[in-house]
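Listed below are the residues making up each chain.
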Amino acid sequence: MTSALPQSPNTTEPPSLLGNCSDLACANSTSGDTAPTLQTAIDIISYINYLLLPVLLVLGLTGNTLTVIIMQTKRYTHLTSRLFLIALALSDSFLLLTQPFNKDFVLTLLGTDLRALSNVGCKAFFVIFKTAKMSSSWFLVFICWERFVAVWFPLKAKMICTKRVALVLILAVYVIILTYTSVWSYASQITQDGICHPDVYDKKNPAEVSRFGTFLLGGLSIYSMIPMCFLVTMTPMIAFKLTRQSQKRKSMIGKSAKKSTAQDTNRTTIMLVGVMVAYILLISPVTALHMSAFFLRVNAFGSNALGFLVFKEVSQILEQINYAINFFLYVLTSNMFRQGLNEIFQCSAWQRLSRATGSKSSGSDFQASTRRKYLESSETAASTVSK
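Residues numbered from 1 in each chain as written. Predicted model: local features only at pLDDT ≥ 70, side-chain atom pairs only at ≥ 80, totals over all residues. Heavy atoms only, no water.

### Comments concerning the overall build of the protein chain
Then comes step 1: The secondary structure content of the protein chain amounts to 11 helices and 2 strands.
Then comes step 2: For the protein chain, the sequential pattern of α-helices and β-strands runs α-α-α-α-α-α-β-β-α-α-α-α-α.
Then comes step 3: Taken over 387 residues, the protein chain has a buried fraction of 44%.
Then comes step 4: If you take every contact in the protein chain between residues at least 6 apart in sequence, the share linking residues at least 24 apart comes to 76%. (Helix = DSSP H or I, 4+ residues; strand = E, 2+ residues; numbered from the N terminus. Buried < 20%, exposed > 50% of the residue type's maximum accessible area, 1.4 Å probe, protein only. Contact = heavy atoms within 4.5 Å.)

Okay, here's the thing in structure tokens:
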């Protein structure tokens with residue numbers, strides 16, 4: 001896709017994936033016998049997107065909403081981690097709401113790019129989009145950090161992991177990342193074809209390339225590289241400590257409690273390891289996507305060679321899955337979370353039953369009163385006639 005800025009000639013432009021093109025006219029210029037295969041892959045992914053996008057959007061928003069509601073119950077009011085979980089659910093929800101507008105088939109269905117209604121709107125969209133992505137990663141790190149402190153320093157955990165500290169960290173993340181993405185928004189512009197892109201810069205100018213590359217590297221470091229380092233470091237240490245504690249408990253308590261203790265430890269360990277592995281597997285492709293787009297001098301969300309388009313679509317699907325599955329990971333691995341969810345549904349069912357019973361009772365009382373008044377009026381009329 002061509003931007004409003006000049007492009008370097010084909011002799012010096014780095015080759016794109018399975019084809020040297022960055023313009024819509026050469027989007028399908030793939031050499032050899034790979035073109036039909038890649039086109040088939042694009043068609044299949046398009047059908048998957050039509051089904052998966054609304055499903056993940058509904059499931060993700062529903063799950064994040066239930067997470068926020070559960071975190072407000074008395075069961076979680078004393079936990080510092082609930083603040084991080086609420087912030088994580090909110091960031092994930094913003095990401096899920098904004099990501100569809102980066103999909104090619106959504107732009108085709110709408111017939112226009114809603115992000116490109118104005119230059120300010122284009123910049124604001126990607127500021128919100130990037131802030132949601134980056135903050136979500138750090139809230140996950142904070143959740144892991146809170147567990148790390150609780151497991152390794154249990155006596156100091158209440159002094160370190162306070163609600164005030166949690167609120168300060170959440171506010172700091174939003175302020176720092178929002179400031180960074182706002183400055184970076186200079187590259188979010190509307191191209192000549194009326195599409196809003198987050199990576200519009202003069203790819204022929206070495207100074208502009210260096211400037212954008214610095215912002216990109218910093219953004220990807222905030223988004224995935226640094227959070228991954230923290231998660232990969234802390235998660236195995238937490239799992240190791242929990243295993244050691246479980247073994248010590250087994251030697252101190254009776255056999256009847258051994259099984260339940262081991263199960264609780266295994267669930268916690270599985271949840272931590274599962275969240276870390278899911279994050280790395282689902283986020284790494286998007287990081288590689290943006291780095292590839294920069295080195296290939298193409299727009300990450302533009303119409304490029306078929307190989308790059310396949311890579312982009314798969315990366316976006318994996319990213320969306322990452323922001324939609326946290327609720328289900330909580331349900332699968334946390335007994336406390338399942339109990340909170342069960343209480344919410346039981347409370348809702350009880351309220352519906354009470355309303356139904358109340359309305360039925362009111363209706364019965366009204367019918368009985370009407371019948372009693374009718375009988376009284378009939379008796380009065382009969383006595384009048386007899387007189």
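### Description of the side chain of Gln 99
Then comes step 1: Mapped onto the elements, Gln 99 comes out in the loop between helix 2 (81–98) and helix 3 (104–110).
Then comes step 2: Beyond its immediate stretch of four places on either side in the chain, Gln 99 contacts Phe 129, Gln 316, Glu 319 and Gln 320.

### Considerations on the environment of Ala 187
Then comes step 1: Summarising the element assignment, Ala 187 is placed in the loop between helix 6 (163–184) and strand 1 (189–190).
Then comes step 2: The spacing of Ala 187 and Asp 202 is 15 residues in sequence and 9.7 Å in space, taken between C-alpha atoms.
Then comes step 3: Those residues in contact with Ala 187 that lie beyond four places of it in its chain are His 197, Pro 198, Asp 199, Val 200 and Phe 212.

### Describing helix 2
Then comes step 1: With 18 residues, helix 2 extends 26 Å from end C-alpha to end C-alpha; this agrees with the ideal 26 Å at 1.5 Å per step.
Then comes step 2: In terms of burial, helix 2 is largely enclosed, as 15 of its 18 residues are buried. (Expected span 1.5 Å × (residues − 1).)

### A short note on the packing of aromatic side chains
Then comes step 1: According to the stated counting rule, one finds 23 aromatic pairs in the structure shown.
Then comes step 2: Note on Tyr 50 and Phe 105: the rings are 4.7 Å apart at their centroids and 55 degrees apart in plane angle, and the pair reads as tilted. Of the two residues, Tyr 50 is situated in helix 1 (residues 34–71) and Phe 105 in helix 3; the sequence distance between them amounts to 55 residues.
Then comes step 3: With a relative accessible area of 43%, Tyr 50 lands in the partly exposed category. (Phe/Tyr/Trp six-rings, centres within 6.5 Å; stacked < 30°, edge-to-face > 60°.)

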